[in-house]
Every structure is written in C-alpha cells, then in structure tokens.
Amino acid sequence: MMEDDAIWMALPVPVIVVSGEGQTILSCNTAAEGFFGQSVKTMEGQSLEKVLALPEPIRRPLGVAIRSNAPLSVNDVSVTRNGGPDVACNISAAPFSAEQMLLIVSPRDIGTQAHAAAAHRKAAKSAIGMAEMLAHEIKNPLAGITGAAQLLAMGLSPQDQELTDLIVTESHRIVHLLDQVEQFGNLAPPVLNAVNLHDVLDRARKSAAVSYGTNVNFVENYDPSLPMAAADPDQLLQVFMNLIKNACEAAPNGTITLRSYFDAGLRIRRSADETAQLPLHIEVIDDGPGIAPDMIDHLFDPFVSGRENGTGLGLALVAKLINEMGGWVHVESKPNRTVFRISLPRKK
C-alpha cells in the first residue's frame, strides 16, 4: 500500500485508510491498532463507524469529506473507542488516492501527559531534598522536647498534665509527619518484576476493608485478561493503599470502584528519543464530593492537601513511585466521581 511500509507502521499517531465511497477500513498502522484496541486484520473490512464512534455533528461532515475525497480537519473531538474511555482528539481526513482517504487521529493529551509526568518528577526531587533537611533539623530536637514534657508531667497535677500530654501528642504527630517525608529519600529504587496487578490491588482492598474502609462498598471491575505489569510489587502496594485510603476518606460511606483495563493507545514521551507505551491501567473511583478545580494541577505536589489535617504527602509519594516505575498517574474529578488512574508498562 505504501512505498515504505516501515515508515507507515512507525508513524506515532493512529492512521486509518478508508475507501472514499463505502467508508470501509482498508488498513491501519501500528499506532491505530493500539489506540483502538484491535488488530489490523480485525479492522480491515469493517465500516468506519464501528471502530470510530463520533458525535453526530462531526460524523456527518466527515462522511461527506470521505465520500467526496475532500480534506477536512476537526479539533477537540471526543472519540469513543472499543471498550476504552473517551479521548479528546484532533481528526484530519486527507485524500490518499482517487478512491482512498487517510484518516489521522491525534490524541490531544499526549503532550499534557508528558508535562504532568515531568512535573511529578520535579515535585519528587523537591521532596527528597526537604526530607534530608527536616529529619535532621526537626526530629532530634523534638525527641528532647517530648522527653522534657514527660519528665515535667511526673510532678504535675492531673489538670496540668493535660498540657504536657498535649505537648507529647503533638510532638508525636510531627514525628509521624517527618517519617512520611523521609520515605522520599529512603526508598530504594524499584525492582521491576512481572506483577499481577489484581493480586496487589486485592491486598490493598482487603487491608482497607478491615480498617479505614469498613463502611465503604467496594466494587471490582477487573479485566481478567490483563497481562503482567513491569512493576515493584511492594511499592505498588503502597501506591494502591494510599489511593484507596484517600478514596475512603473522600467517601467514607460511599462506593469505591476498582477498575482495570487494557488500552495500548497511551504513550508518554519521556525525552526527545524515548517514548514509553503504558497499556495497563488501574482506576480507583470514588463517589465523594470531588476535588476543587484549583487544586487539580497541584495535587501531586508535596504538602498540598484538600483535607483538614492532611499532610499532602501521600499523593506526592504515589507520583514519585509510579514515575520511578516508568508509569504515569492522572486524576479526573467532578462532584460524585473522582478517578485516580495508574498507567503502567507491561512485562516484556
């Protein structure tokens, strides 16, 4: 079909070849196979509308352009794929021959994802520097303050002991906060192994169900055919436990859905010459009140929290761990639906 099949298959955006008259798919490249979750053999011969579901206002002019062999470009279109979530795309139709059209589908959020991943790594580096400084400068004096308060309490009346107890309690709380900060600097690099994501997710769910999630209704929506992920199981467990704990705190008497699915269309550009494919996805979905819009862009920064008495370290740690495993974390939120999505590479 193309003079150089290698170039055709290596194009980074999904491209489909359709017949101008019948809107029948004739071929597609590798990126299109991943984006639509179907092989080229499966897609060949299908009508375009069965693979690419578009809103009615877009479907009509696109159909006219294909039938008349005329170019057309439409930006910011919500594309529904087979079994996957909707994705905002730019779509271009271009004549390829007298009876064939090229349909180019460009997901709009790839650049945003790369920017978010870079921001997460920058936030993690800042947290590591703070961990070393705070642990030395604050924890050691706190130990002396706690000990002095306990000694004072021995000769005080019960009423005055309430004040020393307050000093001890608050000192312990600060030490616990610093322990969390230290995790950024003390965690060893991830050891990537073949991991069954459902096994790790179930461990986190069971732990939550007997502690902070006792009044939560957990719903499992797993893809049983999900392949093994390349991840560190211990660190991944910590990630899932943090996300589920956050969801339980957001919806203490609500429903939390744990969802897994395969979508080979997500690629993250990590550098000028490195693009990572992240086809394995885990979502933790709660029906709580949602996250304030002005906090979304900073949610994975250290010490940013939307909860009273929150440390703002749990999600920063999640971002650090997932990025070090070569993955990506993303959040979408509106009232009654907040989704934290972890995307990971598969084990080769």
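Residues numbered from 1 in each chain as written. Predicted model: local features only at pLDDT ≥ 70, side-chain atom pairs only at ≥ 80, totals over all residues. Heavy atoms only, no water.

**Let's talk about the pattern of salt bridges**
Next, step 1: Under the counting rule described, the total for this entry stands at 7 salt bridges.
Next, step 2: A salt bridge links glutamate 324 to lysine 320; its shortest N-O distance comes to 2.7 Å. Residue glutamate 324 and its partner lysine 320 are both found in helix H10 (residues 314–324); the two are separated by 4 residues, about one turn of the helix.
Next, step 3: You can call lysine 320 buried: its relative accessible area is 4%.
Next, step 4: Here the salt bridges do not stand alone but share partners, grouping Arg259, Glu283, Glu332 and Arg341 into one network. (Salt bridge = Lys/Arg side-chain N within 4 Å of Asp/Glu carboxyl O. Helix = DSSP H or I, 4+ residues; strand = E, 2+ residues; numbered from the N terminus. Buried < 20%, exposed > 50% of the residue type's maximum accessible area, 1.4 Å probe, protein only.)

**Structural notes on the sheet that holds strand S9 (residues 255–262)**
Next, step 1: Strand order in the open sheet formed by 5 strands is S7-S9-S12-S14-S13, with mixed pairing between adjacent strands. Looking at which strands have only one partner, the edges of the open sheet turn out to be strand S7 (217–221) and strand S13 (328–334). On average, adjacent strands in this sheet sit at an angle of 15° to one another, irrespective of strand direction.
Next, step 2: Alignment of strand S12 (residues 280–286) against strand S14 (residues 337–344), held across 7 bridges, turns out to be antiparallel. (Pairing = 2+ DSSP bridges. Axes fitted to C-alpha atoms, helices over the stretch in contact; angles between N-to-C directions.)

**Quick look at the packing of helix H9 (residues 233–250) against H10**
Next, step 1: Closest axis-to-axis distance for the H9/H10 pair is 10 Å, and the angle between their directions is 150°. Of the two possible hands of crossing, H9 and H10 adopt the one that is left-handed. Counting all contacts with H9, which are made through Gln235, Leu236, Gln238, Val239, Asn242, Leu243 and Asn246, the residues of H10 involved are Gly314, Leu315, Leu317, Val318, Leu321 and Ile322.
Next, step 2: The class makeup of the residues in the contact of H9 with H10 is 8 nonpolar, 5 polar and no charged. (Left-handed = near helix turned anticlockwise from the far one by under 90°. Contact = heavy atoms within 4.5 Å. Nonpolar A, V, L, I, M, F, W, Y, C, P; charged D, E, K, R; others polar.)

**As for the confidence of the model for the chain**
Next, step 1: Of the residues in the chain, 77% reach a pLDDT of 70 or more, and the chain-wide mean stands at 78.
Next, step 2: Scored below 50 in pLDDT, residues 110–114 makes 7 contacts in the model with residues more than four places away or belonging to other chains. (pLDDT = per-residue confidence, 0-100.)

**Brief notes about the environment of aspartate 287**
Next, step 1: By the secondary structure assignment, aspartate 287 is in the loop between S12 and H10.
Next, step 2: Aspartate 287 gets classed as partly exposed once you look at its relative accessible area, which sits at 32%.
Next, step 3: For the pair aspartate 287 and isoleucine 256, spaced 31 residues apart in the sequence, the C-alpha separation amounts to 6.9 Å.
Next, step 4: The residues touching aspartate 287, leaving out its near neighbours within four places in the chain, are Ala251, Gly254, Thr255, Asn336 and Arg337.
Next, step 5: At 3.1 Å, the side chain of aspartate 287 and the backbone nitrogen of threonine 255 are in polar contact. (Polar contact = N/O pair within 3.5 Å; in protein donor to acceptor, adjacent residues only side chain to side chain.)

**Some words on unusual backbone geometry**
Next, step 1: If you check the backbone angles, asparagine 336 has positive phi at about 75° while not being a glycine.
Next, step 2: Along the chain, the position of asparagine 336 falls in the loop between S13 and S14.
Next, step 3: Classification of asparagine 336 by relative accessible area gives exposed; the value is 58%.

**Here's the deal with the nonpolar core**
Next, step 1: Counting 40 residues, the largest nonpolar core has Leu236, Phe240 and Ile342 as the members making the most contacts within it.
Next, step 2: Within the residue set of this core, elements represented by two or more residues are helix H8 (197–209), strand S8 (229–231), H9, S9, S12, H10, S13 and S14.
Next, step 3: It is H9 that contributes the most residues to this core, 8 residues altogether.
Next, step 4: Those residues within four positions of phenylalanine 240 in sequence are excluded, and the remaining contacts are Leu197, Val200, Leu201, Ala204, Ile282 and Ile342.
Next, step 5: Listed in part, the 25 residues of the second largest apolar core include Phe35, Val77, Ile91 and Ala93. (Core = buried A, V, L, I, M, F, W, Y, C linked by side-chain atoms within 4.5 Å.)

**A short note on the side chain of glutamate 283**
Next, step 1: In this structure, glutamate 283 sits in strand S12.
Next, step 2: Here glutamate 283 falls in the buried class, since its relative accessible area comes to 3%.
Next, step 3: Setting aside residues up to four positions removed in sequence, glutamate 283 forms contacts with Thr257, Leu258, Arg259, Tyr261, Val339, Phe340 and Arg341.

**Notes on H8**
Next, step 1: For H8, which comprises 13 residues, the first-to-last C-alpha distance of 18 Å matches the rise-based estimate of 18 Å (1.5 Å per residue) to within 8%.
Next, step 2: Among the residues of H8, those classed as buried are Leu197, His198, Val200, Leu201, Asp202, Ala204, Arg205 and Ala208.
Next, step 3: Two or three places before histidine 198, at the opening of H8, asparagine 196 has a side-chain oxygen 2.9 Å from that residue's backbone nitrogen. (Expected span 1.5 Å × (residues − 1).)

**Concerning the pairing of strand S1 (residues 15–19)**
In summary, the side chains of a regular strand alternate between the two faces of the sheet.
Next, step 1: In terms of burial, S1 is largely enclosed, as 5 of its 5 residues are buried.
Next, step 2: The side-chain alternation of S1 yields two buried faces, one formed by Val15, Val17 and Ser19 and the other by Ile16 and Val18.
Next, step 3: As judged from the 5 bridges shared by S1 and strand S5 (residues 100–107), these two strands associate in the antiparallel manner. Considered in S5, the bridge of isoleucine 16 is made with leucine 103.
Next, step 4: Pairing geometry for S1 and strand S2 (residues 25–28), over 3 bridges, is antiparallel. Across the sheet, residue isoleucine 16 finds its bridge partner in S2, namely cysteine 28.

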